[in-house]
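Here's the letter readout for the chains.
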Amino acid sequence: MRPGAVQASKYGPNLCRNDRLVAGGRMGELSTEELDFLRSQKIAASGVFDATGMRKPEYASAMKEAGLSFAFGTTPCGNGGHTLRTRHGHCIQCNTAVIAYQLRHHKPGHVYLAGSAASGLLKIGTTADVGTRAWQLCNWRYGGASDWEMLLASHVENAGSVEFAAQDKLRDRATAGEYWREGRRQSCYELFRCSYDEARDAVLSAVPANTRTEERDLARARSLWA
Ligand SMILES: [Zn+2]
């Protein structure tokens, strides 16, 4: 973190608000209670799809395409008014057993650390294809930035749980953002304001021993995200 910088709160200044894009977009936010629930279940908030204003067939197919298991902002469940559901529409707060079932199907993948020098933001996420991810983030104007670059990537067997562990270590550095995807505004929860070393340590301490990690340019990254 830069000396003198003010730490952004979880719902702090909206970093990627773009008035040109905001018009007409419907977007939800995870509540504090939902964020606490996700953390208790070791689910990375970044892996939760914003289904606000979407009908079940719509979010089900969008989630399948994105490879995401859980959604928020769905129609409240009959029991407790919860809106966190599986892609198939099951309330995960009423029945946490469905979470383990969904997570078993998570595939191996790459946990990565990407950065935007212009905004100073870092992002931890998972992807099956490291080669195209930075381009996608720029295309989506993720967190309001369009200069995302891939800085580090580790191939792991259980990408979802490694991603959660890495993000959880940086919880105090998290900042909320938005992006734009297929005509809809989406919230994003895996953006961080911290030094490259802090984010790097969070990822490397979350991956199992003997994991193969590729890193682009340590010295340069340290100077850009100081
Ligand atoms: Zn429920």
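This text follows the structure it describes.
Residues numbered from 1 in each chain as written. Predicted model: local features only at pLDDT ≥ 70, side-chain atom pairs only at ≥ 80, totals over all residues.

Turning our eyes to something else, we now look at the overall build of the chain. Along the chain, the regular secondary structure elements total eight helices and nine strands. By residue count, 40% of the 226 residues in the chain fall in the buried class. If you take every contact in the chain between residues at least 6 apart in sequence, the share linking residues at least 24 apart comes to 62%. (Helix = DSSP H or I, 4+ residues; strand = E, 2+ residues; numbered from the N terminus. Buried ≥ 20, exposed ≤ 12 C-beta atoms within 10 Å, placed from the backbone. Contact = placed C-beta atoms within 7 Å.)

The strand order across the open sheet built from three strands is β1-β2-β3, with neighbouring strands paired in mixed fashion. Here the strands that pair on one side only, and so sit at the sheet edges, are β1 (48-50) and β3 (85-86). Both strand β2 (residues 70-72) and β3 contribute to a ladder of two bridges, which runs antiparallel. What sits directly across from Ala-71, in β3, is Arg-85. Where helix α3 (residues 56-66) meets the sheet, it contacts β1 and β2, and its direction lies at approximately 135° from that of β1. (Pairing = 2+ DSSP bridges. Axes fitted to C-alpha atoms, helices over the stretch in contact; angles between N-to-C directions.)

Bringing the environment of Asn-139 into the picture now. Residue placement: Asn-139 occurs in helix α5 (residues 130-139). Look at Asn-139 and you get partly exposed, because 14 C-beta atoms sit within 10 Å. Separated by 42 residues in sequence, Asn-139 and Arg-181 have C-alpha atoms that sit 8.8 Å apart.

Turning our attention to the environment of Tyr-112. Along the chain, Tyr-112 falls in strand β4 (residues 109-116). Exposure remark for Tyr-112: the 25 C-beta atoms within 10 Å place this residue in the buried category. Each C-alpha atom of the pair Tyr-112 and Val-130 lies 7.8 Å from the other, and the pair is 18 residues apart in sequence. For Tyr-112, the contacting residues outside a window of four places in its chain are Gly-125, Thr-127, Val-130, Arg-133, Met-150, Leu-152 and Ala-153.

Let's shift gears to the sheet that holds strand β7 (residues 174-181). Read from one edge to the other, the open sheet built from six strands follows the order β7-β8-β5-β4-β6-β9, with strand pairing classed as antiparallel. In this open sheet, the two edge strands, each paired with only one partner strand, are β7 and β9 (213-215). Taken pair by pair, the neighbouring strands of this sheet meet at an average axis angle of 35°, ignoring direction. When strand β5 (residues 121-127) meets strand β8 (residues 184-192), the two strands line up antiparallel, connected through two bridges.

Another point: the pairing of β7. Summarising burial for β7: six of the eight residues are buried, a large majority. Where β7 hands over to β8, the hairpin turn is made up of two residues, of which Glu-182 adopts a positive phi near 50°.

To continue, consider the packing of helix α6 (residues 159-169) against helix α7 (residues 196-206). Helices that pack against each other are described as a pair by the angle of their axes relative to one another and the distance between those axes. The geometry of α6 relative to α7 is characterised by a closest axis approach of 8 Å and an angle of 140° between their N-to-C directions. The two elements α6 and α7 cross, and the hand of that crossing is right-handed. From α6, Val-162, Ala-165, Ala-166 and Lys-169 reach across to α7, where they touch Ala-202, Val-203, Ser-205 and Ala-206. Of the residues that constitute the contact of α6 with α7, the class distribution is six nonpolar, one polar and one charged. (Left-handed = near helix turned anticlockwise from the far one by under 90°. Nonpolar A, V, L, I, M, F, W, Y, C, P; charged D, E, K, R; others polar.)

Most of β4 sits out of view: eight of its eight residues are buried. Note that β4 and β5 share seven bridges and pair antiparallel. The partner of Val-111 across the bridge, within β5, is Thr-126. The loop that links β4 with its antiparallel partner β5 comprises four residues; one of these, Gly-120, has a positive phi angle of about 80°.

Moving on to unusual backbone geometry. Backbone geometry places Arg-141, a non-glycine residue, at a positive phi of 50°. Of the residues examined, Arg-141 has 18 C-beta atoms within 10 Å and is grouped as partly exposed. Although it is not a glycine, Asn-210 sits at a positive phi angle of roughly 65°.

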